[in-house]
Amino acid sequence: MIQCEGLVKIYKTADLEVVALQGLDMLVEEGELMAIIGNSGSGKSTLLNMLGGLDKPSAGKLLVDGQDLLAFGERELVAYKRETVGFVWQNNARNLIPYLSAMENVELPMLLKGKRRRARAIELLEAVGLGHRTKNKLSELSGGEQQRVAIAIALANNPRLLLADEPTGSLDTNTSNQVLDLFRSLNRTIGITIVIVTHDPQLARKVDRVVQIRDGKTSAEIIRRVSYAEELARMDAEDALRAAEEESHIEYAVVDKAGRLQIPAGYLDADGFKDSNKVRVEMEGGRIVLYPGKEAG
């Protein structure tokens, strides 16, 4: 569904140049539910904006659903944003029009395509658990309910890809879990590919793969040992707490095409690695081993 190769993004002002992405590589399979994590300034939001057609890379390759976003003109970009991708923002004001009802908000994207499908709007609100709130104004809905309306809006034109930027950032823990469970349900029932940018550590338990971005590159992937569906199936009331405390994922460092990788910061705090920016690399018994380097002289 998504293929990123060597993505570079440079923002320029009169006297300043900021490199947001530095040759990022990433693949996302069709029908995958995955998350992107990273510290502020790591480049994750820049990447999400590119996937949504809101920004263009300075260099590299970016394909979504077989479409080359770098080759798009303005007309193709508008069609892409209307038909291929749906966006859910952390700030509901970017998704919702406050003086419209929940149903009218969901109908609006369809009207922009020249269609009026009230039945489809009702169907989507029922899918997100708000079939009983179709006529309510936004002021009559809780924060979690408003975010559910935003998800229904993002699905209005049957997108192939759903992007969510910190969708639980303004919600309490219980409501956040409900929204994340909704993403999982939608992914499973309609097969839509979902990419979520988040700081929420609980999200790792809801998705099968987490990509970590550091300094504008993919630095690690955290992959679930057992699928979330399988984990839920084997859990019961007695072992639920214990399972929640167990390690559910394995973390892998990512090696780029040039053979570079980013060592997790904690590893470099070990004795011998603190005082040098060099390491010795050796092959031992089928393993690549790093030894502390020493400065010349």
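Quick note: structure is the one above.
Residues numbered from 1 in each chain as written. Predicted model: local features only at pLDDT ≥ 70, side-chain atom pairs only at ≥ 80, totals over all residues. Heavy atoms only, no water.

**Q** Is there a simple way to explain the overall build of the protein in this structure?
**A** From N to C terminus, the protein includes eight helices and 13 strands. In the protein, which comprises 297 residues, the proportion classed as buried is 43%. (Helix = DSSP H or I, 4+ residues; strand = E, 2+ residues; numbered from the N terminus. Buried < 20%, exposed > 50% of the residue type's maximum accessible area, 1.4 Å probe, protein only.)

**Q** It is not clear to me how the pairing of strand E2 (residues 17-28) should be interpreted in this structure. Could you clarify?
**A** Looking down a regular strand, the side chains alternate between one sheet face and the other. Pairing of strand E1 (residues 2-12) with E2, which is carried by nine bridges, proceeds in the antiparallel orientation. Bridging from a neighbouring strand, Gln3 pairs with Leu27 of E2. (Pairing = 2+ DSSP bridges.)

**Q** Would you explain the nonpolar core in this entry?
**A** Val106, Leu125, Val149, Ile151, Leu162 and Phe183 are the most contacted members of the largest nonpolar core, which has 38 residues in total. Going through the elements one at a time, strand E3 (33-37), helix H3 (102-112), helix H4 (118-127), helix H5 (143-154), strand E7 (161-165), helix H6 (173-190) and strand E8 (193-197) are the ones with two or more residues in this core. Take this core: its biggest share by element is six residues, from H5. With near-sequence residues (within four places) excluded, Ile151 lies in contact with Val88, Val128, Val179, Leu182, Phe183 and Leu186. Grouped together as the second largest cluster of nonpolar side chains are 29 residues, Leu24, Met26, Leu51 and Leu62 included. (Core = buried A, V, L, I, M, F, W, Y, C linked by side-chain atoms within 4.5 Å. Contact = heavy atoms within 4.5 Å.)

**Q** Can you walk me through unusual backbone geometry in this structure?
**A** For residues that are not glycine, phi is negative in most cases, and the peptide bond is trans in most cases. Of note in this structure, Asn158 is not a glycine but carries a positive phi near 55°. With respect to the element layout, Asn158 can be found in the loop between H5 and E7. A residue is classified by how much of its surface remains accessible, and Asn158, at 47% relative accessible area, is partly exposed. Unusually for a residue other than glycine, Glu166 sits at a positive phi of about 50°.

**Q** Any chance you could explain the pairing of strand E13 (residues 287-292) here in plain terms?
**A** Pairing geometry for strand E12 (residues 279-284) and E13, over six bridges, is antiparallel. Considered in E13, the bridge of Val279 is made with Pro292. The hairpin turn running from E12 into E13, its antiparallel successor, is two residues long, and Gly285 in that turn takes a positive phi close to 55°.

**Q** Just checking my understanding: could you explain empty space enclosed by the protein for this structure?
**A** To find leftover empty space, a probe the size of one water molecule is rolled over the atoms. Using the criterion set out here, one finds one cavity of 30 Å³ or more in the structure. The computed volume of the largest cavity comes to approximately 40 Å³. In this structure, the largest cavity is lined by Met50, Gly53, Asp55, Lys56, Pro57, Leu62, Leu69, Leu70 and Leu77. (1 Å grid on protein atoms, 1.4 Å probe; cavity = no way out; pocket = protein on both sides within 12 Å on 5 of 7 lines; lining within 4 Å. Points joined across faces, edges and corners; volume = space filled by probe spheres on them.)

**Q** I keep staring at the pattern of salt bridges and nothing clicks. Help me out?
**A** Any two side chains of opposite charge can pair, given that their charged atoms come close. In the structure shown here, the tally under the stated rule is ten salt bridges. For Arg133, the salt bridge is made with Glu145, and the minimal N-O distance between the two is 3.2 Å. In this pair, Arg133 sits in the loop between H4 and H5 while Glu145 sits in helix H5, placing the two residues twelve residues apart along the sequence. For Glu221, the salt bridge identified is with Arg209, shortest N-O distance 3.2 Å. Taken together, the positions of Glu221 in strand E10 (residues 217-224) and Arg209 in strand E9 (residues 209-214) put the pair twelve residues apart, joining distant regions of the chain. You can call Arg209 buried: its relative accessible area is 10%. One salt-bridge network, held together by shared partners, links Glu30, Asp65 and Arg160. (Salt bridge = Lys/Arg side-chain N within 4 Å of Asp/Glu carboxyl O.)

**Q** Could you clarify how one ought to interpret the layout of surface pockets in this entry?
**A** Looking at the largest pocket, its volume works out to about 570 Å³. Around the largest pocket, the lining comprises 20 residues; the ones closest to its centre are Lys81, Val85, Phe87, Pro109 and Ile153. Secondary-structure elements contributing two or more residues to the lining of the largest pocket are helix H2 (74-83), strand E6 (85-88), H3 and H5. If one sorts the elements of the lining of the largest pocket by residue count, H3 sits on top with four residues. Looking at the lining of the largest pocket residue by residue, the classes come out as twelve nonpolar, five polar and three charged. (Nonpolar A, V, L, I, M, F, W, Y, C, P; charged D, E, K, R; others polar.)

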